[in-house]
Amino acid sequence: MTVLRLTRPDDWHLHVRDGAALAAVIPFTAARFARAIIMPNLKPPITTTALAEAYRGRILAALPPGARFEPLMSLYLTDRTDPEEISRAKGSGFVHGAKIYPAGATTHSDAGVTDVRRLDAVLARMEELDLVLQVHGELTDPAVDVFEREPRFIEQVLAPLAQRHPRLRIVLEHISTITAVQFVLGAREGIAATVTPQHLLMNRNALFAGGIRPHHYCLPVLKAERHRAALLAAVAGGSRRLFLGTDSAPHGRRTKEIACGCAGIFSAHAGIELYAEAFEEAGALEKLEGFAAFHGADFYRLPRNTGTITLARESWEVPACYPFGPDELVPLRAGERIHWRLSGAAAA
Ligand code: NCD
Ligand code: ZN
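Okay, so let's go over this structure. Note that the structure is a prediction, hence the values are computed from the model and not measured. (Residues numbered from 1 in each chain as written. Chains lettered and ligands numbered in written order. Predicted model: local features only at pLDDT ≥ 70, side-chain atom pairs only at ≥ 80, totals over all residues. Heavy atoms only, no water.)

### Some points on the overall build of the chain
Assigned secondary structure in the chain consists of 11 helices and 15 strands. Here the C-alpha atoms of the chain give a radius of gyration of 19 Å, agreeing with the 20 Å that 2.2 N^0.38 yields for 348 residues. On the principal axes, the C-alpha backbone points of the chain span a range of 55 × 45 × 40 Å. Relative to its full complement of 348 residues, the chain shows a buried share of 58%. Relative to all contacts within the chain whose residues are 6 or more apart in sequence, the contacts with residues 24 or more apart total 73%. When the accessible surface of the chain is summed, it comes to about 13,400 Å², and 53% of that surface belongs to carbon and sulfur atoms. Positive and negative side-chain charges in the chain, numbering 39 and 38 respectively, have mean positions lying 2 Å apart. (Helix = DSSP H or I, 4+ residues; strand = E, 2+ residues; numbered from the N terminus. Rg over C-alpha atoms; globule rule 2.2 N^0.38 Å. Buried < 20%, exposed > 50% of the residue type's maximum accessible area, 1.4 Å probe, protein only. Contact = heavy atoms within 4.5 Å. Areas by Shrake-Rupley, 256 points an atom, 1.4 Å probe, with all protein chains shown as cover. Lys, Arg positive; Asp, Glu negative; His and termini not counted. Charge placed at Lys NZ, Arg CZ, Asp CG, Glu CD.)

### Details of the pattern of salt bridges
Per the counting criterion, the structure on display carries 24 salt bridges. Between aspartate 120 and arginine 117 there is a salt bridge, with its nearest N and O atoms 3.1 Å apart. We note a salt bridge from glutamate 155 to arginine 152, for which the minimum N-O separation is 3.0 Å. Pair noted here: glutamate 155 and arginine 152 are both in helix α5 (residues 149–164), with a separation of 3 residues, about one helical turn. Judged by relative accessible area, which is 43%, glutamate 155 ranks as partly exposed. Overlapping salt bridges bring together Arg117, Asp120 and Arg164 as one network. (Salt bridge = Lys/Arg side-chain N within 4 Å of Asp/Glu carboxyl O.)

### Some remarks on the coordination of the zinc ion (ligand 2)
Surrounding the zinc ion (ligand 2) are the protein donor atoms His13 (NE2), His15 (NE2) and Asp247 (OD), which sit 2.0 Å from the metal. In this structure, the zinc ion (ligand 2) is surrounded by 4 donor atoms whose angles at the metal cover 91 to 138°, and the resulting shape is irregular. Along the chain, the residues donating to the zinc ion (ligand 2) fall in the pattern H-x1-H-x231-D. In this pair, histidine 13 is assigned in strand β2 (residues 10–14) and aspartate 247 in the loop between β9 (242–244) and α9 (253–256), connecting sequence segments 234 residues apart. (Donors = N, O, S within 2.8 Å, 3.2 Å for Na, K, Ca; no water. Tetrahedral: all angles 85-135°; square planar, octahedral: opposite > 155°, others 65-115°.)

### Digging into unusual backbone geometry
Here the residue pair lysine 43 and proline 44 is connected by a cis peptide bond, since its omega of -5° sits within 30 degrees of zero. Along the polypeptide, proline 44 turns up in the loop between β3 (35–38) and α2 (49–62). A cis amide bond links leucine 219 to the next residue, proline 220, at an omega of -5°. You will see that arginine 17, though not glycine, has its phi angle at about 60°, which is positive. Of note, arginine 17 is situated in the loop between β2 and α1 (19–32). A relative accessible area of 12% places arginine 17 in the buried class. Not every positive phi belongs to a glycine, and arginine 333 is a case in point at roughly 75°. Mapped onto the elements of the fold, arginine 333 is located in the loop between β13 (327–329) and β14 (337–338).

### Considering the site of ligand 1
Taken together, 15 residues form the shell around ligand 1, and within it Asn41, Thr106, Leu219, Asp247 and His251 come nearest. The contact in question runs from an oxygen atom of ligand 1 to an N or O atom on the side chain of histidine 15, over 3.1 Å. A distance of 2.7 Å is found between an oxygen atom of ligand 1 and a side-chain nitrogen or oxygen belonging to histidine 251. Here ligand 1 has 320 Å² of accessible area as a free molecule, and 100% of this is covered by the chains. In a pocket analysis with a 2 Å cut-off to the grid points, ligand 1 is assigned to the largest cavity. Among the residues making up the shell around ligand 1, the classes are represented as 4 nonpolar, 9 polar and 2 charged. (Near = heavy atom within 4 Å. Polar contact = N/O pair within 3.5 Å; in protein donor to acceptor, adjacent residues only side chain to side chain. 1 Å grid on protein atoms, 1.4 Å probe; cavity = no way out; pocket = protein on both sides within 12 Å on 5 of 7 lines; lining within 4 Å. Sits in = over half its atoms within 2 Å of the grid points. Nonpolar A, V, L, I, M, F, W, Y, C, P; charged D, E, K, R; others polar.)

### As for the packing of aromatic side chains
Aromatic rings considered in pairs are described by the distance between their centres and by the relative angle of their planes. Across all of its chains, the model carries 11 aromatic pairs by this definition. Aromatic side chains phenylalanine 266 and tyrosine 322 sit 6.5 Å apart centroid to centroid with 75° between the ring planes, which places their arrangement in the edge-to-face category. With phenylalanine 266 in the loop between α9 and α10 (273–281) and tyrosine 322 in strand β12 (residues 322–324), this pair connects stretches of sequence that are 56 residues apart. Owing to a relative accessible area of 13%, tyrosine 322 belongs among the buried residues under this scheme. An angle of 75° between the planes, with centres 6.1 Å apart, marks the rings of phenylalanine 299 and tyrosine 300 as edge-to-face. Residue classification places tyrosine 300 among the buried residues on the basis of a relative accessible area of 6%. It is arginine 169 that lies over the ring of phenylalanine 299; its NZ or CZ is 4.9 Å from the centre. Above the plane of the ring of phenylalanine 294 lies arginine 304, whose end atom (NZ or CZ) is 4.1 Å from the centre. (Phe/Tyr/Trp six-rings, centres within 6.5 Å; stacked < 30°, edge-to-face > 60°. Lys NZ or Arg CZ within 6 Å of the ring centre and 35° of its normal.)

Written out as structure tokens, the structure reads:
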């Protein structure tokens, strides 16, 4: 049997929610990853260092006994964020980034940023203190085609922003298009991107395979095959600018299987295994460790992990659902097989 031993990976884009939902999902991540950037889009959002500190405490308290896992916090930027809050965040030692959600772009983004020009002073402070900016890169104008929202955002918002703040380090989250791949690989120093398992493994046909598939709906929405192929080729190329961010985004079944379902795919139950499948498909398993364990840590200027995990080339069937507070959670590949299995983890 083929076995793959990797330095313990990190997840640089993760939603864990709060309360019973948090308790239901955090064990999956802690079993695989040493650290994760915890997305701040709670309701109400994590807009201050004080809120991030309290949320971090709730995450630590929800960990299974003996788990070794470090939540890396991120602040949710709004039109009213004070540059002083950036200084507090940087000084805390546990806030590692701040995120732009364009208002209305995705789940719990109604408090998001209406015009990035309002953030100039905040971004200047982030640039000065070297706090990473994380960006949900989609235009929200309903007149823009949903498949074009990422390219248009890059041209109209992100490229000019990166020029106005030439030393600001930026992560374009969950990239989904050829435009994003080309932008990130060709950009100035200090620009990187996370890539999700769904955008590496599925194209938009997965939304309509034999009928409408709400559990494959996420934002940015899955794109045409040529975009998936470009993303896979880019990560297989081993660029230091690309790293693992599952964007695992749990929503209860009852909020997915309705007339207007939430965006988000839950993948934490197989948060490294799914990437092993993608890298195997690309014939680039030797590039998985850099993508999963080194590039993100280097970009965030954090030490690389020292423990290891072991994956075996062994197929297993994903449960149809997992418990999720009063609801249940339908994971990616529910009732189907995944071809790599986590077989061991050793914290150093
Ligand atoms: C995320 C969520 O549910 O919080 N949903 C998603 O489809 N990715 C929000 C986000 O990252 O856009
Ligand atoms: Zn996300």
